[in-house]
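One-letter residues, chain by chain:
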Amino acid sequence: MSALKHLFEPIMVGKMVVKNRLVMPPMGVNFGVDDEGYVTEQLCEYFSERAKGGTGMMIMGGGATHPTGLDLPVLPLLWDDKYIPALKKLADAAHEDGSKFGMQLLHGGRQVWHDNRVAPSPIKALAAVTGDPPRELDIDTINEILESFGTAARRCREAGIDFVEIHAAHGYLVNQFMAQNSNIRTDQYGGSFENRIRFFLECIQTIQSHTGGDFPIGVRFNGDDFVHNGWTLEESVKLAPILEKHGACYLHISASIYGSFPITIPSMYAEEGCFVHLAEAVKKEVSIPVITVGRIKNPIMADRIIKEGRADMVSMGRAHLADSELAKKAA
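Residue numbers here run from 1 along each chain, matching the order of that chain's written sequence. With pLDDT at 70 or above as the cut-off, local features in this predicted model cover only qualifying residues; side-chain atom pairs require 80 or more to be listed or tallied, and sums for whole chains, interfaces and linings still use all residues. To get the side-chain values, all heavy atoms of the structure are used, and hydrogens and water are removed first.

S.K.: Requested: an account of the layout of surface pockets, with residues and values cited.
M.R.: Here the idea is plain: a probe the size of a water molecule rolls over the atoms and shows the empty space left. The pocket and cavity definitions rest on a 1 Å grid over protein atoms only: a 1.4 Å probe that fits but cannot leave marks a cavity, an open set with protein on both sides within 12 Å along at least five of seven lines marks a pocket, and residues lining either have an atom within 4 Å of a point. Grid points are joined across faces, edges and corners, and a volume is the space filled by probe spheres set on the points. Roughly 810 Å³ of internal volume is contained in the largest pocket. Together, 33 residues line the largest pocket, and P26, M27, H170, T264 and I265 are the ones closest to its centre. Elements that contribute at least two residues to the lining of the largest pocket include exactly β4 (57–64), β5 (100–106) and α10 (317–322). Residues are grouped as follows: Ala, Val, Leu, Ile, Met, Phe, Trp, Tyr, Cys and Pro are nonpolar; Asp, Glu, Lys and Arg are charged; every other residue, Gly included, is polar. Here the residues of the lining of the largest pocket are counted per class, giving 17 nonpolar, eleven polar and five charged. In DSSP terms, a helix is any run of H or I states spanning at least four residues, a strand is any run of E spanning at least two, and both are numbered starting from the N terminus.

Structure, rendered in structure tokens:
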């Protein structure tokens, strides 16, 4: 029996039994995908090693749902059935030692590396690296992108991936709909809180329509954008029970966007556990599992966070990059 009994206690996430509370969060590693968008043996081995290392739940960072949404040049592509066989090899590799493996569904919106940028409103991103302002999405294209989330999730399920996670954090497309500084629309997708979360909820509904009611759908969103007129913790607390009601099986609480301070990937000078308070506030409003993240560097701290009831699961990103056997060594 591990001394870190809270971290190594199983947990129900939707209909999945996850063997421990340790999560490898989605990270854009920018390798393991060939020129045509197929995942490679390199990526399979990368996840296999971390699965054999004992981590309970792992999430692939940034599977691209739509051609306009690539935030990096090298991402797994999910918009065609031809990618399913390679995704199945990845899922099989990631299931070593009983780990649960999920795919994050991403559309970068105005924060993409290429020039074909789309967003809720034609407002340039805060970070200069994102180039010219995006073009405003019309309703037909919104519906097309929503459908792409649903079909991407269906392909993931057919490939044997255990769950999907909607990326609604870090200033990407779903977050852009949510935040007032990036959404100045006057139609049903802009203005009020209810209108600004509409795209997010429709993503969940579209995925459900393509995968059935029993396929686990997690969501990652910011507890706070930490920018003027951005998404706030007050809004996150209000949103959390709505997401639970609409079928989200867990809430993965991150923070910040391109150009914010504090930054999304906290530096070595940031306080350890710097975003835990955001998850703690959200957890008070829901009964589904809440995952926290943010410079959590060691499993002792992770165990304490769970013991104190501040979160149900803990994401440790850079720790998993540094050591694939993190979980087994902690146990």
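S.K.: Can you break down the packing of helix α6 (residues 198–211) against helix α7 (residues 233–245) residue by residue, with the values?
M.R.: Note on geometry: axes are lines fitted to C-alpha atoms, helical ones only across the stretch in contact, with angles between N-to-C directions running from 0 to 180 degrees. One way to put it is that α6 packs onto α7 with a least axis distance of 11 Å and a crossing angle of 20 degrees. Taken together, α6 and α7 sit at an angle that is classed as roughly parallel. Remark: the crossing between α6 and α7 carries right-handed chirality. Contact residues: α6 offers F200, L201 and I204, while α7 offers L239, I242 and L243. A breakdown of the residues in the contact of α6 with α7 according to their chemical character gives six nonpolar, no polar and no charged. Angles are sorted into four bins: roughly parallel if under 35 degrees, roughly antiparallel if over 145, roughly perpendicular if 65 to 115, and oblique for all others. The hand of a helix crossing depends on one turn: near helix anticlockwise from the far one by less than a right angle means left-handed, and clockwise means right-handed. Contacts between residues were defined by any pair of non-hydrogen atoms, one from each residue, lying within 4.5 Å.

S.K.: Any chance you could break down the pairing of strand β8 (residues 163–168) for me, citing the residues and the numbers?
M.R.: The two faces of a sheet get side chains in turn, since along a regular strand they alternate between them. Only protein chains enter the accessibility calculation, which uses a 1.4 Å probe. A residue is then buried if its area is under 20% of the maximum for its type, exposed if over 50%, and partly exposed in between. In terms of residue burial, β8 counts as a mostly covered element, since six of its six residues are buried. Note that β5 and β8 share four bridges and pair parallel. Residue pairing in the sheet places G102 in a bridge with F163 of β8. Only strands that DSSP links by at least two bridges are regarded as paired with each other. Pairing of β8 with strand β9 (residues 217–222), which is carried by five bridges, proceeds in the parallel orientation. Across the sheet, the residue bridging to H167 is R220, located in β9.

S.K.: Give a description of the side chain of T206 that names residues and reports values.
M.R.: Note on placement: T206 falls in helix α6. Residue classification places T206 among the buried residues on the basis of a relative accessible area of 13%. Reaching out from T206, the side chain makes a polar contact with the backbone oxygen of E202 at a distance of 2.7 Å. For T206, the residues in contact, after removing those within four places along its chain, are L146, E147 and G150. N or O atoms closer than or at 3.5 Å make up a polar contact, with two conditions inside protein: a donor-capable atom paired with an acceptor-capable one, and, for residues adjacent in sequence, both atoms drawn from side chains.

S.K.: An account of unusual backbone geometry is requested, with residue identities and associated values reported.
M.R.: Geometrically, the link from F261 to P262 is a cis peptide bond, its omega value of 5 degrees lying close to zero. For P262, the location among the structural elements is in the loop between β10 (250–254) and α8 (276–283). One non-glycine residue, D97, lies in the positive phi region at around 65 degrees. The topology assignment puts D97 in the loop between α2 (84–94) and β5. Looking at D97, the relative accessible area reads 44%, which means it is partly exposed.

S.K.: I'd like to hear about the packing of aromatic side chains, residue by residue, with values.
M.R.: Two aromatic rings, drawn from Phe, Tyr or Trp (for Trp, its six-membered ring), form a pair once their centres lie within 6.5 Å of each other, and the interplanar angle then sorts them: stacked below 30 degrees, edge-to-face above 60, tilted otherwise. For the coordinates displayed, the defined rule picks out twelve aromatic pairs. Judged by centre distance (5.3 Å) and plane angle (85 degrees), the ring pair of F31 and Y46 falls under edge-to-face. Of the two residues, F31 sits in the loop between β3 (22–24) and α1 (41–52) while Y46 sits in helix α1, which places them 15 residues apart along the sequence. On the numbers, 5.1 Å between centres and 85 degrees between planes, the contact of Y46 with F47 is edge-to-face. F47 matches Y46 in its accessibility class, with the two residues each being buried. A network of ring pairs unites the aromatic residues F31, Y46, F47 and F101 as a single cluster. Stacked on the ring of F193, the Lys or Arg K238 has its end atom at 4.3 Å from the ring centre. Note on criteria: charge over ring means Lys NZ or Arg CZ within 6 Å of the ring centre, with the direction from the centre no more than 35 degrees off the ring normal.

S.K.: Quick one: what's the story with the sheet that holds β5, residue by residue and with numbers?
M.R.: Where strands meet in a sheet, backbone hydrogen bonds hold them as pairs that are either parallel or antiparallel. Read around the closed barrel, eight strands run β3-β4-β5-β8-β9-β10-β11-β12, paired in parallel fashion. Across this sheet, the average inter-strand angle for adjacent strands is 30 degrees, counted without regard to direction. In this sheet, β10 lies alongside β9 in parallel orientation, the contact comprising five bridges. Opposite G218, over in β10, you have Y250 as the bridge partner.

S.K.: Help me get a handle on the pairing of β9, residues and values and all.
M.R.: A large share of β9 lies buried, amounting to six of its six residues. Burial along β9 is two-sided: the face carrying I217, V219 and F221 and the face carrying G218, R220 and N222 are both buried. By convention, a crossover is right-handed whenever its connection, traced from the first strand over the helix to the second and viewed with the strands pointing away, goes clockwise. Following the chain from β9 across α7 to the adjacent parallel β10, one finds a crossover that is right-handed.

S.K.: Explain the nonpolar core to me, and be specific about the residues and the numbers.
M.R.: For the purposes of this section, nonpolar cores are sets of buried Ala, Val, Leu, Ile, Met, Phe, Trp, Tyr and Cys residues that join through side-chain atoms within 4.5 Å. In this structure, F221 and L251 are the most contacted members of the largest nonpolar core, which totals 77 residues. In this structure, L251 is in contact with V219, F221, A240, L243, V282, V286, I288, P289, V290 and I291, ignoring residues within four places of it in sequence. A302, I305, A311 and A330 belong to the second-largest nonpolar core, a separate cluster that totals 17 residues.

S.K.: Quick rundown of the pattern of salt bridges? Include the residues and the values.
M.R.: Should a side-chain nitrogen of Lys or Arg be within 4 Å of a carboxyl oxygen of Asp or Glu, the pair is scored as a salt bridge. Applying the stated criterion across every chain, the model contains 15 salt bridges. Between K88 and D92 there is a salt bridge whose closest N-O contact spans 3.2 Å. Placement of both K88 and D92 in helix α2 is noted, with a separation of four residues, approximately one turn of the helix. Residue classification places D92 among the partly exposed positions, given a relative accessible area of 43%. In this structure, the salt-bridge partner of E158 is R154, at a minimum N-O distance of 3.4 Å. Pair noted here: E158 and R154 are both in helix α3 (residues 139–158), with a separation of four residues, about one helical turn. Given a relative accessible area of 48%, E158 falls into the partly exposed group. Each member of the salt-bridge network shares a partner with another, and the members are D81, R154, R155 and E158.

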